[in-house]
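Spelled out from the first residue to the last, the chains are:
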Amino acid sequence: MSTPTTVNGPKKHQPFVPETMEMKEFTLRAVLLGLVMTVVLGAANAYLGLRAGITIAATYPAAVIAMAVLRAWKGSLLEENIARTAGSIGESVAAGAIFTIPAFLLSRAWSSFRPADAYWKSTALIMVGSILGVLFISLVRRVMVEDPELPFPESVAAAEIHKAGQRGAQAAKYLFWNIGIGGVVYMLGRFGLFAADKDFHPVVGSLGHSQVRLGTAGSTNLVAAGGTSMFAAPSVSPAYLGVGYIIGLRLAALQFAGGVLAWGLMVPLLIFFLGPQLKQYLPSDTPDNWAAIAAQVWRFIVRPIAVGGMLVGAAYTLFKMRQSLTAGLGKAFSDLRQTAAQRAKLSRTEQYMSSKVVFGLIAFMFVLMCFLYIHISGLVWPAVLAAVVMIFVGFFFATVSGNLVGFIGSSNNPISGLTLSTLLIAALLMVALGVSGNAGVAAVLGVAAVVCVSSAVAGELLQDFKVGYILGGTPRKIQMAELIAVVVASLVMYFPLMLLHEANIKAGGVGFGDRQLSAPQAGLMATLAMGIVGGEMPWPLVVVGIFMGIGLIMMQVRSPMLVAVGMYLPFETTFAIFLGGVFRSLGDWVAKRRGFNHAQKARVENAGVLTASGLIAGEAILGLLWAGLQFAPAWARPQVFSNPSYVAGIAVMIALAVLMIRLPLSSAGDPKEPAPPVAMM
């Protein structure tokens, strides 16, 4: 087999599997394996996204699992590619769903999230968005995949895994073993062998004694102050530590900085000045319940400020990518001018659904979308107009999403920023039409949900197309696998969301928006929809956040969006993610001290990413199981210790740190061996 060739002038690209070679590709076992992975990895990312506000690209672990399983069944390389293609798309469906679907409940557009009230509406929105994402990117696939200026970092890494043979089988060990470790550690915490979280309650001044003088010395303008704030230790969470490891110290520190701003500055400052006024809301028999007051200050004052920061962060992200956005749109329209004669000359590796079929399916989905929006909002013409807006904006952002994935990979794709732009357009349109109340909010969120899912799916599919392009897969079969996978993922994605929401309520929380189930992006969407259409926006606080975001940009902060999200998330979450980044940095420092060359560092990075991915998947899978156990008898959730120790939790975290540092370093191998592709996540 020949290897991919760099295109110079008219020289034709040579895929790894030649276009003339016949090889098993779209088989039942490959598709079934992919569907199992898309459900499991999609549910795991739904868990992670609702709790930590971050999803992790599934392309890399899906490639490792597909290769390990199908090599055992003597499957072909192209079968592995189909399984990975179908298996990785569930993460994108989950990302689109968790960013928007909970917003319907948070905004009170839906009164309940129980299956009878929300299953079909949620599923329809997710499915329409998923299918449209596949169709939209199919129109522009060829020109973007063949663009030599788009590096597709994650696609190249995934393709190399399939080519790697035995290296991929060894990589699977890191993934599977750490799935088990992550799951066991999570369940040990839930069974009470150690405390996963610990809150501290530092005194800010002294209630009844502290005062602030508003004037010069001797002035009698004194303001009573003082109270008790709250500070959380890092969660003992394999998933959070794994997320921090994958995104690295710099990004983890940016997000943690948001938590420090919220809980180290804003909450203590507000508690200090509002303490005497807040005291009257404390139950008389619970003098130490300042924690509840601090949580309310964070939720209803600090979080709206974070929303303003996220608005600016999303706008700034899109502004920085303005050239990529313009280029992506131009390529989309130029590809549509391809003639039938040109398509007839295409070889096996260039065959994909005809534009007529794609446009026909888009028209069919548009009609379904009109009926769906009418059903959700109870409006007719505004719903039809919202569907029209969604088609145009959805195609634009699907193309943009694909172009961005080509540059930075799907892990870094700013889907929430694209969705936020859509939501603002739809919300202003509803206001212009005079639509208000829950009906208008539902229509706006419906548009945002479909665009969000379609953009996420489009980016992931283009990444899969690029892997197929490198390996020599048939685009039409990749499209078929994706369509099947997104339909299956859409049918089941509601259930992990519902399970986590109801289990949180069962455990004493409030469901979506709770400290343990933050759903930050959905909270942002709900706040904006209610604020613009429903007239409930706490504008003074949001404006403060907007100016804060502008200040962060002026200070040249790399990602104001991450800082704002860090303010929105619980402190124990951002703290644990930050520690994961620290662990990776320590591992890199040790590798440098040992004098590892480029090849050894690449092997260490790959093993580290797989270790972290396994820990994330393990906790997420067992987290969903634990959520299900909330509805079982109490004996199914035994508690070893009624008051577990956080000191024991620190010991567990140290053990995880040793694992995440030493295990990757042990895989450095011989410095004379060639460097593998780096797992760019």
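Basis of the calculations
- Sequence order as written defines residue numbering, which begins from 1 separately in each chain.
- Confidence filtering applies because this is a predicted model: local features only for residues at pLDDT of at least 70, side-chain atom pairs given and counted only at 80 or more, and all residues used for totals across whole chains, interfaces and linings.
- Excluded from the side-chain calculations are hydrogens and water; all other atoms, namely the structure's heavy atoms, are used.
- Runs of H or I in DSSP of at least four residues are treated as helices and runs of E of at least two as strands, each being numbered from the N terminus.
- One fewer than the residue count of a helix, multiplied by 1.5 Å, yields its expected span.
- With a 1.4 Å probe rolled over the protein chains alone, any residue whose accessible area is under 20% of its type maximum counts as buried; one over 50% counts as exposed, and the rest are partly exposed.
- In this analysis, axes come from line fits to C-alpha atoms, helices being fitted only over the stretch in contact, and the angle between any two N-to-C directions falls in the range 0 to 180 degrees.
- Working definition: roughly parallel below 35 degrees, roughly antiparallel above 145 degrees, roughly perpendicular at 65 to 115 degrees, and oblique for all remaining angles.
- If you view the pair so one helix is near and one far, a crossing is left-handed when the near helix is turned anticlockwise from the far one by less than a right angle, and right-handed when it is turned clockwise.
- The contact rule is simple, with two residues in contact once any of their heavy atoms fall within 4.5 Å.
- When residue character is reported, Ala, Val, Leu, Ile, Met, Phe, Trp, Tyr, Cys and Pro are called nonpolar, Asp, Glu, Lys and Arg charged, and the others, Gly included, polar.
- Between Lys or Arg on one side and Asp or Glu on the other, a salt bridge is scored when a side-chain nitrogen of the former is within 4 Å of a carboxyl oxygen of the latter.
- Like-charged residues within 9 Å of one another, or nonpolar side chains (Val, Leu, Ile, Met, Phe, Trp, Tyr) within 5 Å, are grouped into patches, provided each residue has over 30% relative accessible area and no salt bridge.
- Here the open area of atoms and residues is found with the Shrake-Rupley method and a 1.4 Å probe, where only the protein chains shown may cover a residue.
- Definition used in this section: a nonpolar core is a set of buried Ala, Val, Leu, Ile, Met, Phe, Trp, Tyr and Cys residues joined via side-chain atoms within 4.5 Å.

K.L.:
I'm lost on helix α15 (residues 475–492) in this one. Help?
P.N.:
Across its 18 residues, α15 extends 26 Å between first and last C-alpha, which sits within 8% of the 26 Å expected from 1.5 Å per residue. When α15 is considered as a whole, its buried residues turn out to be Pro475, Ile478, Gln479, Ala481, Glu482, Leu483, Ala485, Val486, Ala489 and Ser490.

K.L.:
It is not clear to me how the packing of helix α2 (residues 59–72) against helix α3 (residues 77–106) should be interpreted in this structure. Could you clarify?
P.N.:
Packed helix pairs are specified by the crossing angle of their axes together with the interaxial distance, meaning the distance between the axes. Two elements in contact, α2 and α3, have axes separated by 8 Å at closest approach and are oriented at 140 degrees. With respect to their mutual orientation, α2 and α3 come out oblique. Between α2 and α3 lies a crossing whose hand is right-handed. Across from Thr59, Ala62, Ala63, Ala66, Met67, Leu70 and Arg71 in α2, the residues of α3 making contact are Glu79, Glu80, Ala83, Arg84, Gly87 and Ser88. Within the contact of α2 with α3, the residues separate by chemical class into six nonpolar, three polar and four charged.

K.L.:
How should the environment of Gln630 be read in this particular structure?
P.N.:
In this fold, Gln630 is placed in the loop between α21 (598–629) and α22 (646–665). On a C-alpha basis, the gap between Gln630 and Leu500 in space is 9.8 Å, while along the polypeptide they are 130 residues apart. Non-local contacts of Gln630, meaning those with residues more than four positions away in its chain, are made with Ala503, Lys506, Ala507 and Arg637.

K.L.:
Explain the pattern of salt bridges here, please?
P.N.:
Opposite charge on two side chains lets them pair, provided their charged atoms get close. As enumerated under the stated definition, the model contains eight salt bridges in all. Across the salt bridge formed by Arg29 and Glu79, the nearest N and O atoms sit 2.9 Å from each other. Residue Arg29 is found in helix α1 (residues 28–52), and its partner Glu79 is found in helix α3; the two are separated by 50 residues along the sequence. The salt bridge involving Asp199 is made with Arg515; its shortest N-O contact spans 2.9 Å. Of the two residues, Asp199 is situated in strand β1 (residues 199–200) and Arg515 in the loop between α16 (494–506) and α17 (520–532); the sequence distance between them amounts to 316 residues. Among the residues examined, Asp199 registers a relative accessible area of 27% and is labelled partly exposed. Members of the salt-bridge network, linked through shared partners, are Asp199, Arg515 and Glu572.

K.L.:
Please explain α1 as it appears in this structure.
P.N.:
Count 3.6 residues to each turn of an α-helix, and residues three or four apart come out pointing the same way. Under the 1.5 Å per step criterion, the end-to-end length of α1 is 35 Å for 25 residues, consistent within 8% with the ideal 36 Å. When you tally the buried positions in α1, you get 19 out of 25 residues, the bulk of the element. Of the residues trailing α1, Gly53 is marked for its positive phi of about 75 degrees.

K.L.:
Looking at this structure, how should I read a nonpolar patch on the surface?
P.N.:
Taken together, the side chains of Val184, Leu188, Leu193, Val640 and Phe641 present a nonpolar region at the surface, about 420 Å² in accessible area. Relative to the elements of secondary structure, Val640 occurs in the loop between α21 and α22.

K.L.:
What is the right way to look at unusual backbone geometry in this model?
P.N.:
Glycine aside, negative phi is the norm for most residues, and most peptide bonds take the trans geometry. Of note, Arg108 is a non-glycine position whose phi angle comes to about 65 degrees, a positive value. Summarising the element assignment, Arg108 is placed in the loop between α3 and α4 (115–145). Taking the relative accessible area as the measure of exposure, Arg108 reaches 48% and is therefore partly exposed. The phi torsion at Gln556 lies on the positive side, around 65 degrees, for a residue other than glycine. Inspection of the secondary structure assignment puts Gln556 in the loop between α18 (539–554) and α19 (560–568). With a relative accessible area of 71%, Gln556 lands in the exposed category.

K.L.:
Would you mind showing me how to read the nonpolar core here?
P.N.:
One broad rule of soluble globular proteins: the nonpolar side chains tend to lie buried together. Ile101, Phe113, Leu125 and Tyr373 are the most contacted members of the largest nonpolar core, which totals 185 residues. Per-element accounting of this core gives the leading share, 19 residues, to helix α14 (residues 437–471). When near neighbours in sequence (up to four residues on either side) are disregarded, Ile101 contacts Trp110, Phe113, Ser122, Leu125, Ile126, Ala449 and Leu497. Counting 18 residues, the second-largest nonpolar core is a separate cluster that includes Ala58, Ala62, Ala66 and Leu175.

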